[in-house]
Amino acid sequence: MLEIVVRAAVGTLLLAFVVQLCLWALRVRRPKLLLSAWTAVLAASVAMPAISSTIPLSGATAARAWEPHWISAGSTWLTGIYAFVAALLLLRLLRGLALSWNMLRSTQPVGADWAAGTKLRTSTWISAPVTVGSHVLLPAECVNWDAPRRDAVLAHAAARVARGDFYVQLLSEVHRSLFW
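Residues numbered from 1 in each chain as written. Predicted model: local features only at pLDDT ≥ 70, side-chain atom pairs only at ≥ 80, totals over all residues. Heavy atoms only, no water.

Asker: Honestly, a nonpolar patch on the surface in this entry has me stumped. Any pointers?
Answerer: There is a patch of nonpolar side chains on the surface, built from Phe17, Val18, Leu21 and Trp24 and spanning about 460 Å² of accessible area. Inspection of the secondary structure assignment puts valine 18 in helix H1 (residues 2-25). We classify valine 18 as partly exposed; its relative accessible area is 46%. (Patch = residues over 30% accessible without salt bridge, like charges linked within 9 Å, V, L, I, M, F, W, Y side chains within 5 Å. Areas by Shrake-Rupley, 256 points an atom, 1.4 Å probe, with all protein chains shown as cover. Salt bridge = Lys/Arg side-chain N within 4 Å of Asp/Glu carboxyl O. Helix = DSSP H or I, 4+ residues; strand = E, 2+ residues; numbered from the N terminus. Buried < 20%, exposed > 50% of the residue type's maximum accessible area, 1.4 Å probe, protein only.)

Have a look at this one:
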């Protein structure tokens, strides 16, 4: 198991390095393009264990050469430590999702005319806008915002929902928990 994790981590590191070099060489500055590139790296990183396990290595010596020497020395202990930390990080993520779900359940829908047809909700728990899934949570004082501020906040939040930022961030957190 640990060999798969190390191979996937090395593959992800190489991929991220190549993408960063390409973005730097092409002088990419557009945020949407940067976000798309790094989302693609995340997707490839999640698939990396499957990708790296299908790469053929010629013979057992090549497989051992790929594996760092410290893995085989204490693999039981290392695997246990790795699994323990990964479990802690996944539990932390699950706790955060449970808190987000509780926060979402305790919100109130925005009843103003400017919120018609949207998944806007207000909460006293927050002081800045938050997206949870496809819902946008606004601070309770949002009803007192002037129209330009409200429109800017809603446009930003709508863009985050349309891009699926919550789900990309969730996938990123799962990936980080597994490949810490």
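Asker: Got a minute to help me understand the sheet that holds strand E2 (residues 120-123) in this structure?
Answerer: Across a sheet, paired strands are connected by hydrogen bonds in the backbone, their directions being either parallel or antiparallel. Strand order in the open sheet made by the four strands is E1-E2-E4-E3, with mixed pairing throughout. Only two strands of the sheet have a single neighbouring strand rather than two, namely strand E1 (108-109) and strand E3 (130-132). As defined by bridge partners, E2 adjoins strand E4 (residues 135-139) across four bridges and the pair is classed as parallel. Within the sheet, the bridge partner assigned to threonine 122 lies in E4 and is leucine 138. (Pairing = 2+ DSSP bridges.)

Asker: Help me understand the packing of aromatic side chains in this model?
Answerer: Between two aromatic rings, the relevant description is the distance of the centres plus the angle of the planes. Under the criterion given, the structure shown has one aromatic pair. A centroid spacing of 5.3 Å and a plane angle of 90° characterise the contact between phenylalanine 166 and tyrosine 167, whose relative ring orientation is edge-to-face. Classification of tyrosine 167 by relative accessible area gives partly exposed; the value is 48%. (Phe/Tyr/Trp six-rings, centres within 6.5 Å; stacked < 30°, edge-to-face > 60°.)

Asker: Is there a simple way to think about the pairing of E2 in this case?
Answerer: The side chains of a regular strand alternate, first on one face of the sheet and then on the other. Pairing between E1 and E2: two bridges, direction antiparallel. When the sheet's bridge partners are listed, glutamine 108 is paired in E2 with threonine 122.

Asker: Would you mind showing me how to read the confidence of the model for the chain here?
Answerer: The predicted coordinates should not be examined in detail at positions where pLDDT is low. Of the residues in the chain, 88% have a pLDDT of 70 or more, and the chain-wide mean is 85. Per-residue pLDDT, averaged within each element of the chain, yields its smallest value for helix H3 (residues 59-66) (51) and its largest for helix H7 (residues 165-178) (93). (pLDDT = per-residue confidence, 0-100.)

Asker: So what exactly am I meant to see when it comes to the pattern of salt bridges here?
Answerer: Working definition: two side chains of opposite charge can pair if their charged atoms are close together. Tallied over the full model, the rule gives three salt bridges. Where aspartate 165 meets arginine 160, a salt bridge forms, and the shortest distance between an N and an O atom there is 3.7 Å. For aspartate 165, a relative accessible area of 14% corresponds to the buried category. The partly exposed category is assigned to arginine 160, whose relative accessible area is 32%. Among the salt bridges present, the one from arginine 163 reaches aspartate 165, with a minimum N-O distance of 2.6 Å.

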